[in-house]
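Working through the structure, step by step
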Amino acid sequence: MPHLNKLRTAVPGGQGANTAAASLSRLRTALTVFFALDGFLFAGWVVRIPAIKEQTGASASELGLALLGVSAGAVITMMLTGRLCRRFGSHPVTVACGVLLSLSIALPAQTHSTLALGLVLLVFGVSYGGINVAMNSAAVDLVGAMRRPVMPSFHAAFSLGGMTGAGLGGLVAARLTAPTHLLGLTVIGLVVTAAAGPTLLRHPAPTPERSRDRSPEAPGNGPRPLPGTARKAVALFGAIALCTAYGEGALAEWGTLHLQEDLHAHPGVAAAGYSLFALAMAVGRLSGTTLLERLGQTRTLVTGGSLAAAGMLLGALAPATWAALLGFAVTGLGLANIFPVAVARAGALAGPSGVAAASTLGYGGMLIGPPTIGFLADWFSLPVALTTVAMLAAAAALLGYSARNASGCSAVRRPVPPTRRAPDRRRNA
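Predicted, not measured: the structure shown is a model, and the values here were computed from it. (Residues numbered from 1 in each chain as written. Predicted model: local features only at pLDDT ≥ 70, side-chain atom pairs only at ≥ 80, totals over all residues. Heavy atoms only, no water.)

With that settled, the discussion passes to the overall build of the protein. Summing up its helical and strand segments, the protein has 16 helices and 0 strands in all. Each of the 429 residues in the protein was classed as buried or not, and the buried ones make up 56%. Across the protein, contacts joining residues at least 24 apart in sequence account for 83% of those joining residues at least 6 apart. When the accessible surface of the protein is totalled, it reaches about 17900 Å², and 65% of it is carbon and sulfur. (Helix = DSSP H or I, 4+ residues; strand = E, 2+ residues; numbered from the N terminus. Buried < 20%, exposed > 50% of the residue type's maximum accessible area, 1.4 Å probe, protein only. Contact = heavy atoms within 4.5 Å. Areas by Shrake-Rupley, 256 points an atom, 1.4 Å probe, with all protein chains shown as cover.)

As a working rule, side chains carrying opposite charge can pair if their charged atoms are close by. All chains considered together, the criterion is met by 1 salt bridge. As a salt-bridge pair, Arg285 and Glu248 come within 3.4 Å of each other at their nearest N and O atoms. Within this pair, whereas Arg285 is found in helix 10 (residues 267–286), its partner Glu248 is found in helix 9 (residues 228–262), the two being separated by 37 residues in sequence. Take Arg285: its relative accessible area is 1%, and that puts it in the buried class. For Glu248, a relative accessible area of 11% puts it in the buried group. (Salt bridge = Lys/Arg side-chain N within 4 Å of Asp/Glu carboxyl O.)

Within the fold, Thr56 resides in helix 2 (residues 49–56). The exposure class assigned to Thr56 is buried, which follows from its relative accessible area of 11%. A distance of 3.3 Å separates a polar side-chain atom of Thr56 from the backbone oxygen of Lys53. Residues contacting Thr56, with those up to four places away along its chain left out, are Thr111, His112, Ser113, Thr114 and Leu117. (Polar contact = N/O pair within 3.5 Å; in protein donor to acceptor, adjacent residues only side chain to side chain.)

Further remarks concern the environment of Thr303. Tracing the backbone shows Thr303 in helix 12 (residues 297–317). Its relative accessible area of 48% is what places Thr303 among the partly exposed residues. Sequence separation of Thr303 and Ala396 is 93 residues, and the distance between their C-alpha atoms is 10.0 Å.

Taken together, the side chains of Leu160, Leu276, Leu279, Val283, Leu286, Leu307 and Leu333 define a hydrophobic patch exposed on the protein surface, amounting to about 540 Å² of accessible area. In terms of residues, the nonpolar patch owes the most to one element, helix 10, which gives 4 residues. Under the relative-accessibility criterion, Leu279 is labelled partly exposed at 35%. (Patch = residues over 30% accessible without salt bridge, like charges linked within 9 Å, V, L, I, M, F, W, Y side chains within 5 Å.)

This part takes up the environment of Ser153. Positionally, Ser153 belongs in helix 6 (residues 151–172). Here the alpha-carbon distance between Ser153 and Val283, two residues 130 residues apart in the chain, equals 9.7 Å. Once residues lying within four places of it in the same chain are set aside, the contact partners of Ser153 are Arg28 and Arg285. Here the side chain of Ser153 touches Val150 through a polar contact of 2.6 Å, landing on its backbone oxygen.

Turning next to the packing of aromatic side chains. In this structure the tally under the stated criterion is 4 aromatic pairs. By the ring-pair criterion, three or more aromatic residues cluster together here, those being Phe42, Phe124 and Tyr128. (Phe/Tyr/Trp six-rings, centres within 6.5 Å; stacked < 30°, edge-to-face > 60°.)

Let us look at the nonpolar core. The biggest cluster of nonpolar side chains holds 113 residues, and the ones touching the most others in it are Trp45, Phe154 and Trp254. A per-element tally of this core places helix 14 (residues 338–379) first, with 17 residues. (Core = buried A, V, L, I, M, F, W, Y, C linked by side-chain atoms within 4.5 Å.)

Between helix 4 (residues 90–104) and helix 5 (residues 114–146), the least distance of the axes is 8 Å, while the angle of their chain directions is 150°. Taken as axis vectors, helix 4 and helix 5 run roughly antiparallel relative to one another. Judged by the twist between their axes, the crossing of helix 4 over helix 5 is left-handed. Between helix 4, through Ser90, His91, Val93, Thr94, Cys97, Gly98, Leu100, Leu101 and Ser104, and helix 5, the contact on the second element is made entirely by Val123, Phe124, Ser127, Tyr128, Gly130, Ile131, Ala134, Met135, Ser137, Ala138 and Asp141. Across the contact of helix 4 with helix 5, the residue classes break down as 11 nonpolar, 8 polar and 1 charged. (Axes fitted to C-alpha atoms, helices over the stretch in contact; angles between N-to-C directions. Parallel < 35°, antiparallel > 145°, perpendicular 65-115°, else oblique. Left-handed = near helix turned anticlockwise from the far one by under 90°. Nonpolar A, V, L, I, M, F, W, Y, C, P; charged D, E, K, R; others polar.)

Position of Leu314 among the secondary structure elements: in helix 12. Residues Leu314 and Ala390, 76 residues apart in the sequence, show an inter-C-alpha distance of 9.5 Å. Sequence-distant contacts of Leu314, that is, excluding residues within four places in its chain, are made with Ala323, Ala324, Leu326 and Gly327.

Honestly, it's all geometry; don't read function into it.
Okay, here's the thing in structure tokens:
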């Protein structure tokens, strides 16, 4: 698209500006669909974890080790995906991973042992990690071209997709077997990918001005390592993302079991717990752009981490189902914008390399989360294990405050027009 990168150079109201704006709008819609599909498929798997646990006869510790396959596959492939995005473009990689994710979602229901479950979840994790890096890299480029902090809106689509997937899973849990349900998700995933994929394949990723001004050897644009300052900043944002991913993964993979086994909730209500959490995250992320423009990055991170810590203490330790559900909702509101902000800042600093590095660190939270919570649940109890989510949410708030002086970590503000210079009196003397 020749006009795609001329959004800010075209005459306002002219044909070039209209074409560029339409191209960006189509790309935003297609990317939003893929974020929603990712959440929808992941939630569809999550609500079937109790059935898969019973099918394989796994204990809490064994299930935690099997779930490690999702995180291990995701983390292993994330750095590779960053290189693939630089070589082939983030749009084709997103579409390819969407196909693989849709196909792999049906595999867990075909297993009957913990070992087999862990192996197929490794494949699922590879596709899940790949699509997350590719989508976020594409979203960072689009956000730079649009010059507005709209990254939370993409993650809101992920949460809405997760809410829909969890709600649908709760409705069909008593009517459809896990293999039938997950196979249906494969069909839906392939259809949606076929519908939204051509838009990404036709249009290359927009190149923000800051990226066009940099040489191919600049950070994130080539194979060279990042400078020390940028690397430290990316690592800091990755640590913030880790704390958030730990909480999201814990509630996704253990929240349903907590409601069903500890609080004796009906399977449909237990599935609705994750749906409520995803809805709260979606609401928080839909308001994320406004929060970032009004509060700035630091206050958004600190407030979100503190709110999530308080909500998770309630969700883990409340003796009643309704109180636990309320805690899940508060946790979702708190965690909503932390991961999007962290990944967006890492991408702004270092391009696809920054997205891949922060995502790898972030999903390290999912890597250590499942086995940690599984072992703690066996040693103590699942409610006690879930309090670690509150601890890491509080850590995210502290790290967010410490990031206020990090490179590229200033609050999100609208561009300030240059002030006029006073006339040079000496020139007229």
